[in-house]
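Now for the letters of each chain:
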Amino acid sequence: MYRKLSFLFIAVIFLAQCVQEKKGSDSKMDSFIDDLMSKMTIEEKLGQLNLPGAGDIVTGGQAGEDNSALAKKIKEGKVGGLFNIKGVEKIKYVQELAMKQSRLKIPLLFGMDVIHGYETVFPIPLGLSCTWDTSLIEISARIAAVEASADGINWTFSPMVDICRDARWGRIAEGNGEDPYLGSQIAKAMVKGYQGTDLKANNTIMACVKHYAMYGAAEAGRDYNTTDMSHQTMYNTYLPPYKAAADAGAGSFMASFNEVDGIPATANKWLMTEVLRKQWGFKGFVVTDYTGINEMIDHGMGDLQTVSSLALNAGIDMDMVGEGLLTTTQKSLDEKKVSMAQVDAACRRILEAKYKLGLFDDPYKYCDENRAKSEIFTDVHRKEARSIAAQSFVLLKNENNILPLKKSGTIALVGPLADSKENMPGTWSVAANFSKATSVLTGLKEVAGGQVKIIYSKGSNLDADSSFEERAGMFGKALGRDKRPAATIIREAVNAAKQADVVVAALGEAAEMSGESSSRSNIEIPEAQKDLLKALLKTGKPVVLVLFTGRPLALKWENENIPAILNVWFGGSEAGYAVADVLFGDVNPSGKLSTTFPQNIGQVPLYYAQKNTGRPLAEGKWFQKFRSNYLDVSNEPVYPFGYGLSYTNFSYSDIKLSDTALKADKALTATVTVTNTGSRDGKEVVQLYIRDVIGSVTRPVKELKGFQKIELKTGESKTVSFSITPENLKFYNYDLKYDWEPGDFEIMIGPNSRDVKKIKINWAK
Ligand code: BGC
């Protein structure tokens, strides 16, 4: 239904937009803003650059009588927007402060971290990316925008498009994995989903692309840590998704906390102005991350006035929370450390954003109580969320077709995540109502519809260390600690297992074990839970591991010992139902990993698009002296990028090419036939990789260049064709020129980045 609706919606809006463009809306906007800015004092202009959090304002009451510090600032025109206030009533109240009590009556922006849904929560972004279905991802962002805008929000701090190749980094959960091509497709889809084609509509919201840039490359995977890499790696690997989002018309960007080339991103003029504005032509505004300016004092860049002027000079337009721009810029102007032109440019960009959102026409356009009542957490939205969640799950192992489960007999459902609602939405679900989320226990019971006996037992705490568990259960997501001895809790679960036909063990990470400031130096399932798994295996009953995680985990032991593993990430508000849908086979899993699962932490960073080195290990070898490898572990991951099983099987034919050798700007068609050889209908993600065999700089051993998600009935075959042009062969060379180089190329197609069919061609210029 959403697919049809959004298509119609897009068509109507597109027509409206064309008409508007003909009328020259930009010049109208320019003269409107010229006029407004001519009336503004310097203080009021700086006010537009100020983005405080909700602070003490959410008390309600009569707007005119509100004397909270924040209300006063709004009335004085010292606030450009606020973030993380929830609810139409509150937002309307605050907007009234600006519209009725401030001198120039400039409406406020209302931002929020609407990261993977609003009250209807979709899987964490890493999970969403494993659908490899950009139309589904766009729908998830569209629904998030409908709900958030119905509740007063007009700006979201999403999409997060940071490439990450380090499983230790907790924020890998918030992004789209390790690959720049997949990441770029998703970045575009998210921007489209949030912004639609007309920001003036009352159900679209402005996107904010974050965290610009290279935030996902924090050294040692420790959050906020230094990043340091070549410009070639930046341009070829880390920057593409940000650029794709800018090209898709994202209205705003957020600067990252980390440094880039020795200068914090927030003060990095090359990044903010040279690359973003000059090279990419970005026309929106840039906001700092939370106290990003102030934190430059600790980075060692100077006092608050210095760092604030550095940020403004670099191209920052809005200051989140820290108020450095508000409080020090007048002094910097007096001392000529910044210019009035810079203040004007930043102020103009904020006003433009408000204009583009239509806030000057109607500051209350997002404050419709009826919409808030009827468009949030609706049945239609929840149905989409359930279906999308099921498609984000990745079946990692399924020995002897243990899955799907029969809807009969007895299931022992065990594990610390089995009966938690609060953990299902995952990290960054600020608008979620946890009590409305569905646990696995509830999901299994409802989907089994009384035909299955379910015996629940917790089986273990999240971790033996209660203080670790406390840190991992913040923001109302505690799992509740069982204070009895571990052996007693395990014994209870073992007894449940003995009475059952099959054991479903729902365990892994708690929701807040990934996300911001949730880095881990050990990426295994906590020992207490492994003890539970070992005890369950000893019963001889088949064990299905339903794995919750916000990052790739090291699952070597699990892969060797547990017969079936379904990775369910954090599936959102409907996770419990979606898990049941897949376990019982109502939905055939089709997710594919967007990030490599290593054997152990020592292999990290491990990613498929590696360079070959001068001493590559021969294929199929574990160790060769004086080759690039380890003494104690092979170079292979447990599960490669792009990997994921189905309840059916797919076979791939050899690749057929339209030409054996090509010249210049011709297009090459590469075709495979994929057949569903199993006994269930299913979906498969057919992946195209290319290797540029010889380059003026070293090139990765393979790079994803295309994918298609297809649906095949049992026994059905489909031909899948990829059109390849020199555009797909381009990369940034040593001089950062984006071009392709003639020579041999390996074309690879397959179900994941490892098991590919290969064929070579020569492409001359
Ligand atoms: C995070 C951002 C987020 C912001 C506002 C910061 O700590 O890094 O991703 O948008 O807070 O909540």
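What comes next concerns the included structure.

Reading the values: the criteria
- Each chain has its residues counted from 1, following the order in which its sequence is written.
- At least 70 in pLDDT is required for a residue's local features to be given in this predicted model, at least 80 for side-chain atom pairs to be given and counted, and no such filter applies to totals for whole chains, interfaces and linings, which use all residues.
- The side-chain values count all of the structure's non-hydrogen atoms but skip hydrogen atoms and water molecules.
- A strand pair is defined by DSSP finding two or more bridges across the two strands.
- Secondary structure elements are taken from DSSP: a helix is a run of H or I of four residues or more, a strand is a run of E of two residues or more, and numbering for both begins at the N terminus.
- For helices, the fitted axis covers only the stretch in contact; all axes are lines through C-alpha atoms, and the angles between them, taken along N-to-C directions, range from 0 to 180 degrees.
- Residue contacts are defined here by distance: any two heavy atoms, one from each residue, within 4.5 Å place the two residues in contact.
- We call a residue near a molecule or strand when any one of its heavy atoms sits within 4 Å of it.
- By the criterion applied in these results, polar contacts are pairs of N or O atoms within 3.5 Å in which, for protein atoms, one can donate a hydrogen and the other can accept it, and in which residues neighboring in sequence qualify only through two side-chain atoms.
- Calculation of accessible area relied on Shrake-Rupley with a 1.4 Å probe; when residues are assessed, cover is drawn exclusively from the protein chains displayed.
- Each residue receives one of three labels: charged for Asp, Glu, Lys and Arg, nonpolar for Ala, Val, Leu, Ile, Met, Phe, Trp, Tyr, Cys and Pro, and polar for the others, Gly being one of them.
- Relative accessible area decides the class of each residue, using a 1.4 Å probe on protein chains only: under 20% of the type maximum gives buried, over 50% gives exposed, and in between gives partly exposed.
- What counts as a salt bridge is simple: a side-chain nitrogen of Lys or Arg found within 4 Å of a carboxyl oxygen of Asp or Glu.
- Only centres within 6.5 Å qualify two rings of Phe, Tyr or Trp (six-membered ring in Trp) as a pair; their planes then separate them into stacked at under 30 degrees, edge-to-face at over 60, and tilted for everything else.
- Cation placement over rings: the criterion is NZ of Lys or CZ of Arg within 6 Å of the ring centroid and within 35° of the ring normal.
- Oblique is the label for any angle not covered by the other classes, which are roughly parallel (under 35 degrees), roughly antiparallel (over 145) and roughly perpendicular (65 to 115).
- In this scheme the crossing of two helices becomes right-handed for a clockwise turn of the near helix relative to the far one and left-handed for an anticlockwise turn of less than a right angle.
- Each nonpolar core is a collection of buried residues, namely Ala, Val, Leu, Ile, Met, Phe, Trp, Tyr and Cys, held together in the definition by side-chain atoms within 4.5 Å.

## Some points on the sheet that holds strand β14 (residues 502-508)
In spatial order, the strands read β11-β16-β15-β14-β12-β13; together these six strands make up an open sheet with mixed pairing. Looking at which strands have only one partner, the edges of the open sheet turn out to be β11 (394-398) and β13 (453-457). Neighbour-to-neighbour, the strand axes of the sheet open up by a mean angle of 15°, direction not taken into account. As judged from the five bridges shared by strand β12 (residues 410-414) and β13, these two strands associate in the parallel manner. Its bridge partner being in β13, Ile411 is matched across the sheet by Ile454. Across the face of the sheet, helix α18 (residues 440-448) comes into contact with β12, β13 and β15 (543-548) while running at roughly 175° to β13. Together, β14, β15 and β16 (564-567) form the strand contacts of helix α23 (residues 575-583), whose direction differs from that of β15 by roughly 145°.

## Quick look at the site of the ligand
By nearness alone, 14 residues border the ligand, and Asp113, Arg171, Lys210, His211 and Asp289 come closest of all. In the environment of the ligand, an oxygen atom lies 2.5 Å from a nitrogen or oxygen atom belonging to the side chain of Asp289. When isolated, the ligand has an accessible area of 310 Å², and the protein chains bury 94% of it. Of the residues that constitute the shell around the ligand, the class distribution is seven nonpolar, two polar and five charged.

## What about helix α11 (residues 269-279)?
Here α11 has its buried residues at Leu271, Met272, Thr273, Val275, Leu276 and Arg277. Two or three places before Trp270, at the opening of α11, Asn268 has a side-chain oxygen 3.2 Å from that residue's backbone nitrogen.

## Some words on the pattern of salt bridges
If charged atoms from side chains of opposite charge come close, those side chains can pair. Inspection of the entire model under this criterion finds 42 salt bridges. Between Asp317 and Arg349 there is a salt bridge, and its shortest N-O distance comes to 2.7 Å. Here Arg349 lies in helix α15 (residues 340-356) and Asp317 lies in the loop between α13 (304-314) and β10 (319-320), a separation of 32 residues in the sequence. Overall, the relative accessible area of 1% leaves Asp317 in the buried class. A relative accessible area of 21% places Arg349 in the partly exposed class. A salt bridge links Asp755 to Arg754, with the shortest nitrogen-to-oxygen separation between them at 3.1 Å.

## Considering the packing of aromatic side chains
Under the counting rule described, the total for this entry stands at 26 aromatic pairs. Where Trp740 meets Trp763, the ring centres are 6.2 Å apart and the plane angle is 70°; that geometry is what we call edge-to-face. Here the residue Trp740 occupies a position in the loop between β25 (738-739) and β26 (743-750), and Trp763 occupies one in strand β27 (residues 757-764), the gap between them amounting to 23 residues. An identical accessibility class is assigned to Trp740 and Trp763; each is buried. Through a chain of ring-to-ring contacts, three or more aromatic side chains come together here, namely Trp132, Tyr181, Tyr608, Phe641, Tyr689 and Phe707. Across from the ring centre of Trp557, 5.4 Å away, lies the NZ or CZ of Lys534, which sits over that ring. Directly above the ring of Phe731 sits Arg699, whose terminal nitrogen or CZ lies 3.7 Å from the centroid.

## Brief notes about the sheet that holds β26
One open sheet accounts for five strands, arranged β19-β27-β26-β21-β22; its pairing is mixed. The open sheet has two edge strands with one neighbour each: β19 (661-663) and β22 (703-712). Shown here is a sheet whose adjacent strand axes are inclined to one another by a mean of 25°, direction ignored. With six bridges joining them, strand β21 (residues 682-692) and β26 adopt antiparallel strand pairing.

## Notes on the packing of helix α9 (residues 231-238) against α11
Orientation of α9 relative to α11, taken along the N-to-C sense of each, is 50°, at an axis distance of 15 Å. The angle between α9 and α11 places the two elements in the oblique class. Considering how the two elements wind past one another, α9 and α11 form a crossing that is right-handed. Across the interface between the two elements, His231, Met234 and Tyr235 from α9 touch Trp270, Val275 and Gln279 from α11. Broken down by class, the residue content of the contact of α9 with α11 amounts to four nonpolar, two polar and no charged.

## A closer look at the nonpolar core
Counting residues in each nonpolar core, the largest one holds 127 residues, and the members touching the most others are Trp155, Tyr212 and Phe253. No other element matches the nine residues that helix α7 (residues 134-150) contributes to this core. Those residues in contact with Phe253 that sit more than four places away from it in its chain are Cys208, Val209, Tyr212, Tyr242, Ala246, Leu276, Trp280, Phe282, Phe285, Val286 and Val287. Of all hydrophobic cores here, the second largest spans 81 residues; its members include Leu396, Val546, Tyr577 and Phe597.

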